[in-house]
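# Summary of the model geometry
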Amino acid sequence: MRGDSSPNELRVTDMTEMRHPSGAKVYLNPAIDCFDGRPAGRGIGLRPSAAVEDAALERACGALLPRERPCVHSDRGVHYRTASRIARCESHGLRRSMSRKGMSCDNVRAEGFFGLLKQGFYYARGWAGTTVGEFAGARDAWMEWCRSGGISQGLGWMTPDEHRAAMGYAVQDVRENVRSPESCCVRSFVLKNVEPNTFTSLKMWSSTFLRTKDRSACRVTSCQAPPESPIIAGKQA
């Protein structure tokens, strides 16, 4: 099943670990729509628990229209085989799919998203001097940027949200305490000939590139992490 003919037909999910300089391990479990690579939901925690996956599933299902019943594919991790996950899938009418044993390539769409996450966010700067909460807030903003700020050649140089709107699909908004990329440390693009201390949003870069298709008009930079610390997995970081 390709799952790329319309939104919410096929979603993939997996869990990845990111180590903070403090020694803490932050786990992220996104649900990715195979139609356009748009993150449909996410769970975060300091342990790779079923609660993290359950949170991602519930948030992703919160954006479904009444008749939408996507297939949800995962690897064979123990947190994807719990009674609570099976019950949640059944309650939402979701079809479950799992990779073959020892075949990580079956979940390549999720692994590809993690590659973008690590290169575009995690390795884009050093995280020394930030709290776990600041790190998580920046990561959440990057995830939101993937929906409404990150353009893709495969989508006609549009963002996933713009692409869906252009095709006449509803754009479900499931933001949860997410700050904008302007306030977080994410890899971002600013126009040339702008004052060094002036931040120009990713959205502005995307719009300019859509008009000119000229990458030479842009350069790469980054901005500072937010000072406040959000709540992670029910605890203040």
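Before reading on, note that the structure itself is shown above.
I will try to describe carefully the structure that is included in this document. (Residues numbered from 1 in each chain as written. Predicted model: local features only at pLDDT ≥ 70, side-chain atom pairs only at ≥ 80, totals over all residues. Heavy atoms only, no water.)

## Some details on the side chain of Arg42
Within the element layout of this structure, Arg42 appears in strand β4 (residues 38-45). Within the structure, Arg42 has its side chain in polar contact with the side chain of Asp140 (distance 3.1 Å). (Helix = DSSP H or I, 4+ residues; strand = E, 2+ residues; numbered from the N terminus. Polar contact = N/O pair within 3.5 Å; in protein donor to acceptor, adjacent residues only side chain to side chain.)

## Quick look at the nonpolar core
One finds Met18, Phe113, Leu117, Phe121, Phe135 and Trp142 to be the most contacted residues of the largest nonpolar core, which totals 24 residues. Within the residue set of this core, elements represented by two or more residues are β1 (10-13), β3 (25-33), α3 (108-120) and α4 (132-148). A total of 8 residues in this core trace back to one element, the largest contributor, which is α4. By size, the runner-up hydrophobic cluster in this structure holds 6 residues, among which are Leu57, Cys61, Leu64 and Val72. (Core = buried A, V, L, I, M, F, W, Y, C linked by side-chain atoms within 4.5 Å. Buried < 20%, exposed > 50% of the residue type's maximum accessible area, 1.4 Å probe, protein only.)

## Focus on the pairing of strand β5 (residues 71-74)
Alternating positions in β5 separate into two faces, Cys71 and His73 on one and Val72 and Ser74 on the other, with burial throughout. The pairing of β1 with β5 spans 3 bridges and is parallel. In the strand pairing of β5, Val12 is matched with His73. With 4 bridges joining them, β5 and strand β6 (residues 95-98) adopt parallel strand pairing. Considered in β6, the bridge of Val72 is made with Arg96. Crossover β5 to β6 through helix α2 (residues 83-92) is right-handed. (Pairing = 2+ DSSP bridges. Right-handed = clockwise from strand over helix to strand, strands pointing away.)

## Things to note about the environment of Asp140
Structurally, Asp140 can be placed in helix α4. Since its relative accessible area comes to 14%, Asp140 is described here as buried.

## Points about the environment of Arg85
Summarising the element assignment, Arg85 is placed in helix α2. Other than its neighbours up to four places away in sequence, Arg85 contacts Thr13, Glu53, Asp54, Leu57, Val72, Ser74, His79 and Tyr80. Of the polar contacts made by the side chain of Arg85, one reaches the backbone oxygen of Tyr80; its length is 3.3 Å. (Contact = heavy atoms within 4.5 Å.)

## Some points on the pattern of salt bridges
Any two side chains of opposite charge can pair if their charged atoms end up close together. The tally for this structure, following the rule as stated, stands at 10 salt bridges. Of the charged contacts, one joins Glu58 and Arg88 as a salt bridge, the two residues approaching to 2.9 Å between their closest N and O atoms. One end of the pair, Glu58, is in helix α1 (residues 50-61); the other, Arg88, is in helix α2, and 30 residues separate them in sequence. We classify Arg88 as partly exposed; its relative accessible area is 29%. Within this structure, Asp33, Asp36 and Arg164 form a network of salt bridges that share partners. (Salt bridge = Lys/Arg side-chain N within 4 Å of Asp/Glu carboxyl O.)

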